[in-house]
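# Notes for the structure review
As a plain string of letters, each chain reads:
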Amino acid sequence: MAGFLLVGTILGGWSAPIMAQEAPATAEPAPVAAQPAPAPVVATSGTIRSIRVVGSERLEPETVRSYSNLFPGQDYTAETLDQALKDLYATELFADVVITGADTGTLVITVRENPVINRIVLEGNKRIKSDKIQPEIKLSPRQIFTRSKVRSDVDRIIELYRRQGRFAASVEPKIIQLDQNRVDLIFEISEGDKSKIRAINIIGNEEYSDGRLRKEMFTKEAGGLLGWFKSNDSYDPDRLAADQQKLRAFYLTQGYADFRTVSALAELTPDRKDFIITYVIEEGPRYKFGTVDAESELRDFSADNVKALVRIKPGSWFNAKLVEDTVTALNEVAGARGYAFADVSPNFDRDAEKKLMNLTFKVGETPRVYVERINIQGNTVTRDKVIRREFRINEGDAFNAYKVKRSQDRIQSLGFFQENLEIKQTQGTSNDRVVLNVDVEEKSTGELQLSAGYSSLERFILSASVAQRNFMGKGQTLQAGVSYSRYSKSVSVGFTEPFLFDKSILLGGELFYQDYNSFNFIGNQRNQTYGQNRIGGNIRLGFPVTEYVSFGGRYSLSQDDITLDKNTFFEDLDNDPNTPVECSPRLAGRYLCQELGKRITSSVGYSIAFDNTNGIRATRGERLILGQDFAGLGGDVKYLRTRVDATKYFPLPKGFVLSIHGEAGYVHPLQKAKDTGQDPIRISDRYFGPQLRGFDIRGIGPRIERRRYINPTDLEVGNKNLVSDALGGRAYYMGRVEIEFPSTSALKNLGLRPSAFVDIGSVWKLTKPDLANEPGICQEPDNSDPDTTPQIERLVAGNPLRDQCSDFGSNFAYVPNSGFKESFLGNSPKPRLSVGVGVNWVSPFGPLRIDIAKALLKQDGDETKFFSFNVGTQF
């Protein structure tokens, strides 16, 4: 038998970039080139006598032989050996494979195993965090390192950056050889800048300029004065498709019924930093509405009824959005008549010669529909009956789209579920049956809060509260809380049952204790004045009168105690050490001394409310509340308090929401004042006004200002020593116009709601207090004679015989800052006006409101504030 020709296989494949070393080496690029095909084997044939495996470390030799599909006694050819090489490489377990001994039949398979990954490291990623990249990497520690898997991971990481608009990003994999044939795999990432939109070019537009059409697009060109604030100037393929739809929608509203986008091309600049987008469009001719007709196959929704609801006028420019809105309105009317799946479709008849679009609204025959079933899903805590009792339509009733929408608004107003809740309609078991499906996503309704905050109005605020607005899933409210700040402290506990005995009757009550310390200003220094302790409770009962009107009654019993610090505002008025000190009109003012003491208030009241808004954060509808409270059912206080509050919401295009709010109140006394210059309504029962932004707390309305005399005839100039006490009034009004701006999904997720506003209001109607005017004290100098007491004399304002210290003697001297003069300001219904911008933020620290406002109209004595914020209190 002729000897076998020497057959060898060429080293098929690639060699490892770095051989295994005893110690870590410097990082080098990982091999990612395509795997070479095994070299062809010299044509030969024979029978395998034996197979020996050399170089295997982790794998058993028998395992390697099984992967090669070769075994002793097998006949082989060059093709057989070549296929064995391919099979071994296909396992991705080996970096190198050589088969020798083909000339003798004694085969030796020499292998070099792929290394094991010790760890995977990301370097250079700043814009995208590692926890976002790691799920894209399919390799993991203790897996076999292979080039193909590394290449796939690199592609996925680059694709992740491209989805973020970073088309210049690059990823270079490197490995560090370790002992025991292990490697560290490193992905070195060069993120690059976001690929911006350098230019948006539009070709084919004749009627509208490029700039006008760019305003209709989601995508904007990079740069400009507000370039830093833009988030839509980076390339996004999905946004490119949406912009084409926006262009088409714009042209269809302007009468161009034949408009089409021929092409939309996004080209990456050579430096891979920016994109240039080019649209090629065809505007086509402009159409007007021709004849507008209607056809209906429904017996109780005739063609005349349909046509009467159509607001499209022949001869006006064609507007596809107007047609779409008309179809929606017709569907709603048909739904209100029991046709859940009304077939309303517009039929267009284009007259290209006259450039007219004739229109016919067709209402197809549809059976009247009944509600077969109401399915509620997703409520794990809230009981079904809490949701079902808000439905205005029941199973078995004729379908009514209006009642379904109202039910949706009422469920949303509970505040237990996600925003934009929707009741969906599906076909029932027959054509005249409909199934209503409510898939809710419950929000957290229980709160256990220990919080600290800072308010520009009350400085530091500490509070602890527990509240459950959906107690045991029954829709009940249970709450208790305690709060502390520099000027107020309170403790309260309350409970409300909205459906007593499963009837639409609300029953609730509350017990409370409040400790409020009022304050005034000496210059810019805030100082405590009187204190008000209030303890009491109330009980309330309410029920609906109609779908939108409700009535509520209440009874309240409380005790108020108004006090002043004796060390600060009391003195011995009769210079008799045997009598107690009394409130000093000189130190506190007569207007405060008259208010001291305890009073019991027993009041009964009612409220009538109209509310057809669409949820807690309303975007449409109106809310009107009229309430009155009569105090005098026993107790020490008698008055009639009336208050009205109204708000109207208007949804505007592009997500803007306009709200107009107004409120007013008046307290009518039912008893006379006990003293001259005293108002019959106690200071604790007066209005101190709504918080007009642009003005400080209690910054408007009647007040007493006290200025000091620097000498017997001249008052202090400026606010350095000015004392300002807010007194409140019996009447107030406030109006507000506010527009809430649309925000991006990211801002909505953060709970941010920016807005701009105009506030107007006033507080007034107070009896003018008795005012003091004391020029000061004249004192005789101390002559150091123990038997002689220095004499003190008081100047009397308006007394020509006592207007100078020299009138008491040549040795008398004026005591600086010992006199004062009071002025009564702000008791006017003239409006205060402010404008500004603000933002509501549901922050991790609690609700936060930031406002920047400028007072444009104010009265003498008003306190203004340009910037204000509140943390930790409701707004």
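Attention here is on the structure that accompanies the text. Computed from a prediction, not measured in an experiment: that's the story for all the values here. Throughout, a residue's number is its position along its own chain's written sequence, starting from 1. Selection of residues for local features in this predicted model requires a pLDDT of at least 70, selection of side-chain atom pairs for listing and counting requires 80 or more, and totals for whole chains, interfaces and linings are taken over all residues. As a rule here, side-chain values come from all non-hydrogen atoms in the structure, and water together with hydrogens is ignored.

## Focus: the overall build of the protein
Scanning the protein for helices and strands turns up 13 helices and 43 strands. Classification of the 875 residues of the protein by burial places 41% in the buried group. A separation of at least 24 residues holds for 62% of the contacts in the protein among residues at least 6 apart in sequence. Here, Shrake-Rupley sampling with a 1.4 Å probe gives the accessible areas, and only protein chains in the shown set may cover a residue. Carbon and sulfur atoms make up 53% of the accessible area of the protein, which totals about 45900 Å². Secondary structure is summarised from DSSP: a helix means a run of H or I of at least four residues, a strand means a run of E of at least two, and numbering begins at the N terminus for each. When a residue's accessible area, from a 1.4 Å probe over protein chains only, is under 20% of the maximum for its type it is buried; when over 50% it is exposed; and in between it is partly exposed. Only heavy atoms matter for contacts: two residues are in contact if any of them lie within 4.5 Å across the pair.

## Quick look at the pairing of strand β34 (residues 731-740)
At least two bridges found by DSSP between two strands is the condition for calling them paired. Where strand β31 (residues 657-669) lies against β34, ten bridges are found, and the strand directions are antiparallel. Looking across to β34, one finds that S659 is bridged to E738. As defined by bridge partners, β34 adjoins strand β35 (residues 752-764) across ten bridges and the pair is classed as antiparallel. Pairing of Y732 across the sheet is with V763, part of β35.

## A short note on the pattern of salt bridges
For this analysis, a salt bridge means a side-chain nitrogen from Lys or Arg found within 4 Å of a carboxyl oxygen belonging to Asp or Glu. Going through the model one piece at a time under the given rule, you end up with 39 salt bridges. A salt bridge links K405 to D409; its shortest N-O distance comes to 3.0 Å. Placement of both K405 and D409 in helix α10 (residues 401-413) is noted, with a separation of four residues, approximately one turn of the helix. For D409, a relative accessible area of 7% puts it in the buried group. Here R753 ties to E740 by a salt bridge, and the two come within 3.9 Å at their closest N and O atoms. Of the two residues, R753 sits in strand β35 while E740 sits in strand β34, which places them 13 residues apart along the sequence. Judged by relative accessible area, E740 falls into the partly exposed class, the value being 28%. The structure contains a network of salt bridges with shared partners spanning E390, R392, R406, R410 and E547.

## Considering the environment of L722
Looking at the secondary structure, you find L722 in the loop between β32 (703-709) and β33 (723-726). Residue classification places L722 among the buried residues on the basis of a relative accessible area of 7%.

## Details of the pairing of strand β29 (residues 621-635)
As paired strands, strand β28 (residues 597-611) and β29 are joined by ten bridges and run antiparallel to one another. In the sheet register, A609 faces β29, and the bridge partner there is I625. Where β29 and strand β30 (residues 639-651) come together, eleven bridges link them in antiparallel fashion. Across the sheet, G627 pairs through a bridge with R643, a residue of β30. Taking the residues that link successive antiparallel strands as the turn, the β29-β30 hairpin has three residues.

## Let's talk about the state of the cysteines
Formally, a disulfide is one covalent bond, and it connects the sulfur atom of one cysteine to the sulfur atom of another. In what follows, a disulfide is any cysteine sulfur pair within 2.5 Å. This structure, assessed with the given rule, holds two disulfides. In this model, C583 is linked to C593 through a disulfide, with the two sulfur atoms separated by 2.0 Å. Its S-S torsion of approximately -75° makes the covalent link between C583 and C593 left-handed. Of this pair, C583 sits in strand β27 (residues 582-583) while C593 sits in helix α12 (residues 590-593); the two residues are ten residues apart in sequence, bridging distant segments of the chain. Paired through a disulfide, C778 and C805 show a sulfur-sulfur distance of 1.9 Å. Judged by the sign of its S-S torsion, about -80°, the cystine formed by C778 and C805 is left-handed. With C778 in strand β37 (residues 777-779) and C805 in the loop between β38 (792-794) and β39 (813-814), the pair connects residues that are 27 residues apart, well separated along the chain.

## Describing α10
Between the first and last residue of a helix there are one fewer steps than residues, each counted as 1.5 Å, and that sum is the expected span. The end-to-end C-alpha separation of α10 is 19 Å, in line with the 18 Å expected for 13 residues at 1.5 Å each. Turning to α10, its buried residues are V404, R406, S407, Q408, D409, I411 and Q412. N or O atoms within 3.5 Å of each other form a polar contact, as long as, within protein, one can give a hydrogen and the other can take it, and as long as residues adjacent in sequence are counted only when both atoms are side-chain atoms. The residue sitting at the N-terminus of α10 and contributing the capping side-chain oxygen is N400; that oxygen lies 2.9 Å from the backbone nitrogen of Y402. With its phi angle positive at about 80°, G415 sits one or two positions after the end of α10.

## So, a nonpolar patch on the surface
Patch criteria: residues need more than 30% relative accessible area and no salt bridge. Like-charged residues are merged within 9 Å; nonpolar side chains of Val, Leu, Ile, Met, Phe, Trp and Tyr are merged within 5 Å. A cluster of nonpolar side chains, contributed by I505, L507, I539, L541, F543, V545, F551, I608, L624, L626 and V644, occupies part of the molecular surface with about 840 Å² of accessible area. Looking at the nonpolar patch, the elements that each hand over two or more residues are β24 (525-544) and β29. Examining the composition of the nonpolar patch, we find that three residues originate from one element, β24, more than from any other. Position of I608 relative to the elements: it lies in strand β28.

## Structural notes on unusual backbone geometry
A positive phi angle is found at Q180, which is not glycine, with a value near 60°. The topology assignment puts Q180 in the loop between β8 (170-178) and β9 (182-190). What makes Q180 exposed here is its relative accessible area of 64%. Of note in the backbone geometry, N181 takes a positive phi value of approximately 55° without being a glycine. Tracing the backbone through its elements, the reader meets N181 in the loop between β8 and β9.

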